[in-house]
Amino acid sequence: MMVHTTERRTTEDRLAATETLPLSERVTRLSDESVLEVEDFHAYYREFRALYNVSFQIPARKITALIGPSGCGKSTLLRCMNRMNDLVPGFHIEGQMTYRGLDLYARDVDPVEVRRRIGMVFQKPNPFPKSIYENIAFGPKVNGIKGNMDEIVEKSLRQAALWDDVKDKLNDSGLALSGGQQQRLCIARALAVQPEIILMDEPCSALDPIATLKIEDLMRDLAKDYTIVIVTHNMQQAARVADYTAFLMMRPDRAGELVEFTDTDVLFTTPKDKRTEDYITGRFG
Ligand code: ADP
């Protein structure tokens, strides 16, 4: 029986073959202020490696998009940024994530405090089955945030461009709002506990185009004060909203690796890596 030479190549050979340019040329090191540094980061679901050796920095008060084909680890990477994956049995990491100099995975770090400073908005809007007011007030209450609650609620709703829609019905259920309004309510809820970073996991994928554009406008507005990291499967969305974009792709062993990270304009016009070019021109994924 004939054995193809490709079949005889070891896994290491095949992995090496995916690395075109040195990492330092594919991953832009920021000259701007960064809030989160990801260093030699690997993530595992039990034995399965979902992320391989990811290193880059998240710039402060900018929008960073994570893009790449389904299953390449975008969501995993995002969820690691506020230790959301701690709750998954068998999940573990290697390497480092440092938030303003603090190792997020150090033993003495409280994941609840991490999630207050680094908030999250999910794919499907998930307001609590409570009033609009209570949706916002709950977080500040349990986190012991001081101040006038009415003011906190109003400020958060204003920041999420929702105040004018809901100011006369704060006691109505959050679930009575439209999909786009519900997502803005979830953003307001995230803002109410005074985070520095907001992680968004495909926040528009359940919304119509008008509601999507409203969220994108809101993101641009919020980026004046907050750092935003967004996972999106929609390249146009990344091109529209993100200042920086990270492109991830699966290696032959299915672990996601960071292929390229740079200014969004540069990534979409003059990518350095052939794999980025193939992806953004629609050759795969
Ligand atoms: P993406 O967001 O790019 O679609 P994910 O981060 O969701 O990718 O998934 C990356 C890989 O990790 C996939 O192979 C997926 O099947 C696997 N994975 C994600 N979540 C879990 C989990 N809770 N348990 C086991 N494997 C998971």
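The rules behind the values
Residues numbered from 1 in each chain as written. Predicted model: local features only at pLDDT ≥ 70, side-chain atom pairs only at ≥ 80, totals over all residues. Heavy atoms only, no water. Helix = DSSP H or I, 4+ residues; strand = E, 2+ residues; numbered from the N terminus. Rg over C-alpha atoms; globule rule 2.2 N^0.38 Å. Buried < 20%, exposed > 50% of the residue type's maximum accessible area, 1.4 Å probe, protein only. Contact = heavy atoms within 4.5 Å. Areas by Shrake-Rupley, 256 points an atom, 1.4 Å probe, with all protein chains shown as cover. Lys, Arg positive; Asp, Glu negative; His and termini not counted. Charge placed at Lys NZ, Arg CZ, Asp CG, Glu CD. Polar contact = N/O pair within 3.5 Å; in protein donor to acceptor, adjacent residues only side chain to side chain. Near = heavy atom within 4 Å. Phe/Tyr/Trp six-rings, centres within 6.5 Å; stacked < 30°, edge-to-face > 60°. Lys NZ or Arg CZ within 6 Å of the ring centre and 35° of its normal. pLDDT = per-residue confidence, 0-100. Core = buried A, V, L, I, M, F, W, Y, C linked by side-chain atoms within 4.5 Å.

(A) Looking closely at the overall build of the chain. Scanning the chain for helices and strands turns up 13 helices and 10 strands. For the chain, the C-alpha radius of gyration of 20 Å lies close to 19 Å, the compact-globule estimate for 285 residues. Taking all 285 residues of the chain together, 51% fall into the buried category. Across the chain, every contact between residues at least 6 apart in sequence was considered, and the portion connecting residues at least 24 apart equals 69%. Accessible surface, the chain: about 13,800 Å² in total, of which carbon and sulfur atoms supply 49%. If the 37 positive side-chain charges of the chain are averaged to one point and the 42 negative ones to another, these points end up 3 Å apart.

(B) Structural view of the side chain of Thr262. Here Thr262 shows up in strand β10 (residues 256-263). Its relative accessible area of 8% is what places Thr262 among the buried residues. Polar contacts involving the side chain of Thr262 include one to the side chain of Thr28, which spans 2.9 Å. Residues within four places of Thr262 in sequence aside, it is in contact with Thr28, Tyr244, Thr245 and Leu267.

(C) Representation of the site of the ligand in the model. Taken together, 13 residues are adjacent to the ligand, and Gly71, Gly73, Lys74, Ser75 and Thr76 come closest. Contacts to the ligand include Gly71, whose backbone N or O atom sits 2.7 Å from an oxygen atom. In the environment of the ligand, an oxygen atom lies 3.5 Å from a nitrogen or oxygen atom belonging to the side chain of Arg254. Considered on its own, the ligand offers 560 Å² of accessible surface; in the complex 63% of this is hidden by protein. Elements supplying a minimum of two residues to the shell around the ligand: β2 (48-59) and α4 (74-80).

(D) Structural view of the packing of aromatic side chains. In total, this model carries 6 aromatic pairs according to the counting rule given. When the centroid spacing of 5.4 Å and the interplanar angle of 70° are considered together, the rings of Phe128 and Phe138 count as edge-to-face. Of the two residues, Phe128 sits in the loop between β6 (118-121) and α6 (132-142) while Phe138 sits in helix α6, which places them 10 residues apart along the sequence. The exposure class assigned to Phe138 is partly exposed, which follows from its relative accessible area of 35%. With a centroid separation of 5.7 Å and an interplanar angle of 20°, the aromatic rings of Tyr244 and Phe261 are classed as stacked. In this pair, Tyr244 is assigned in strand β9 (residues 244-250) and Phe261 in strand β10, connecting sequence segments 17 residues apart. Members of the aromatic cluster, each reached through a chain of ring pairs, are Phe56, Tyr244 and Phe261. Taking NZ or CZ as reference, Arg189 lies 4.2 Å from the ring centre of Phe128, over its face.

(E) Local environment of the environment of Val114. Of note, Val114 is situated in helix α5 (residues 111-117). You can call Val114 buried: its relative accessible area is 5%. The spacing of Val114 and Tyr99 is 15 residues in sequence and 9.2 Å in space, taken between C-alpha atoms. Excluding anything up to four places from it in sequence, Val114 contacts Met81, Asn82, Leu104 and Val109.

(F) Representation of the confidence of the model for the chain. Overall, the prediction assigns the chain a mean pLDDT of 92, with 93% of residues at 70 or greater. Low pLDDT, under 50, characterises residues 1-9; the predicted model gives this stretch 3 contacts beyond four residues in sequence or across chains.

(G) Representation of the nonpolar core within the structure. Grouped together as the largest cluster of nonpolar side chains are 47 residues, with contacts concentrated most on Ile63, Leu157, Ile187, Met200 and Met219. Discounting residues that sit within four places of it in the chain, Met219 has contacts with Ile63, Met200, Ile228, Ile230 and Val241. Val54, Phe56, Phe91 and Leu104 belong to the second largest nonpolar core, which has 37 residues in total.

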